Amino acid sequence: MEQYNPQTLQQLIKGCVENNRDAQRKLYETYAGKMLAICVRYCGDRNTAQDLMHDGFINIFTHIKEYGNKGPFEGWMCRIMVNQSIDYLKRQRLELDATEAHTEMLYDDRQPSPFEQLSAKQIVEMIGKLPNIQRLVFNMHAVEGYTHGEIAERLGCNESTVRSHYARAKTMLKNMLEQ
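Residues numbered from 1 in each chain as written. Predicted model: local features only at pLDDT ≥ 70, side-chain atom pairs only at ≥ 80, totals over all residues. Heavy atoms only, no water.

## Some words on the overall build of the protein chain
When its secondary structure is counted, the protein chain shows eight helices and zero strands. Buried residues in the protein chain amount to 37% of all 179 residues. A fraction of 69% describes how many contacts in the protein chain between residues 6 or more apart in sequence connect residues 24 or more apart. In the form shown here, the protein chain has an accessible surface area of approximately 10,400 Å², with 47% of it arising from carbon and sulfur atoms. (Helix = DSSP H or I, 4+ residues; strand = E, 2+ residues; numbered from the N terminus. Buried < 20%, exposed > 50% of the residue type's maximum accessible area, 1.4 Å probe, protein only. Contact = heavy atoms within 4.5 Å. Areas by Shrake-Rupley, 256 points an atom, 1.4 Å probe, with all protein chains shown as cover.)

Set out below in structure tokens:
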């Protein structure tokens, strides 16, 4: 993946704003791997993630005029990929069961994490084995840094439901580690 200095990146963005196919191809080739990894992390399936990534790039090229240098460009693209993945999962009619909202911590976070002993690839594989809703909430909170309230608002559910799904995801990951 070729890295661009800020001036070259601005020229590339300008080319994309002008619908220059060569600039769009270069932007895609530069960031496709990272954007695909984000989509895989959310949906758990590489083929679906590729479709989401392609749709995300269409959104990027469609809305690139709106970017306006409001923060890091790569972060702006990542947000589009995250939103693309979340929207897909919502369309899959994920059911958030508000009646199962228990927020009890299921293990002590103050102890050293067993994840520290795993490679990034192993962690991503374990997260990929979580059920859709737990994977979605875990990624949004632990990886992307959304608060439980922001996740609840984005998914249209109660904050306590989000906390419950997050706790379940941590428990499932802990159980995977113990096996």
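## Some details on the packing of aromatic side chains
Tallied over the entire structure, the rule returns six aromatic pairs. Judged by centre distance (5.8 Å) and plane angle (15°), the rings of Phe138 and Tyr166 are stacked. Taken together, the residues Phe138 in helix H6 (residues 132-143) and Tyr166 in helix H8 (residues 159-178) connect sequence positions 28 residues apart. In this pair, the class of Phe138 matches that of Tyr166, namely buried. (Phe/Tyr/Trp six-rings, centres within 6.5 Å; stacked < 30°, edge-to-face > 60°.)

## A short note on helix H7 (residues 148-155)
Along H7, the residues that are buried comprise His148, Ile151, Ala152 and Leu155. Viewed along the axis of H7, the buried residues span an arc of 100°, placing them on a single side of the element. The inward-facing, buried residues of H7 abut helix H4 (73-91), H6 and H8. (Arc of directions from axis to C-beta.)

## Re the side chain of Gln134
Locating Gln134 in the fold gives a position in helix H6. Residues in contact with Gln134, not counting those within four places in the same chain, are His165, Arg168 and Ala169.

## Overview of the packing of helix H2 (residues 21-43) against H4
At a closest axis distance of 9 Å, the pairing of H2 and H4 adopts a crossing angle of 40°. With respect to their mutual orientation, H2 and H4 come out oblique. In this structure, H2 crosses over H4, and the sense of that crossing is right-handed. Judged by residue contacts, Leu27, Tyr31, Lys34, Met35, Ile38, Cys39, Tyr42 and Cys43 of H2 engage Phe73, Glu74, Met77, Cys78, Met81, Val82, Ser85, Ile86, Tyr88 and Leu89 from H4. (Axes fitted to C-alpha atoms, helices over the stretch in contact; angles between N-to-C directions. Parallel < 35°, antiparallel > 145°, perpendicular 65-115°, else oblique. Left-handed = near helix turned anticlockwise from the far one by under 90°.)

## What to know about the environment of Asn158
Mapped onto the secondary structure, Asn158 falls in the loop between H7 and H8. A residue is classified by how much of its surface remains accessible, and Asn158, at 44% relative accessible area, is partly exposed. For the pair Asn158 and His148, spaced ten residues apart in sequence, the C-alpha separation works out to 9.2 Å.

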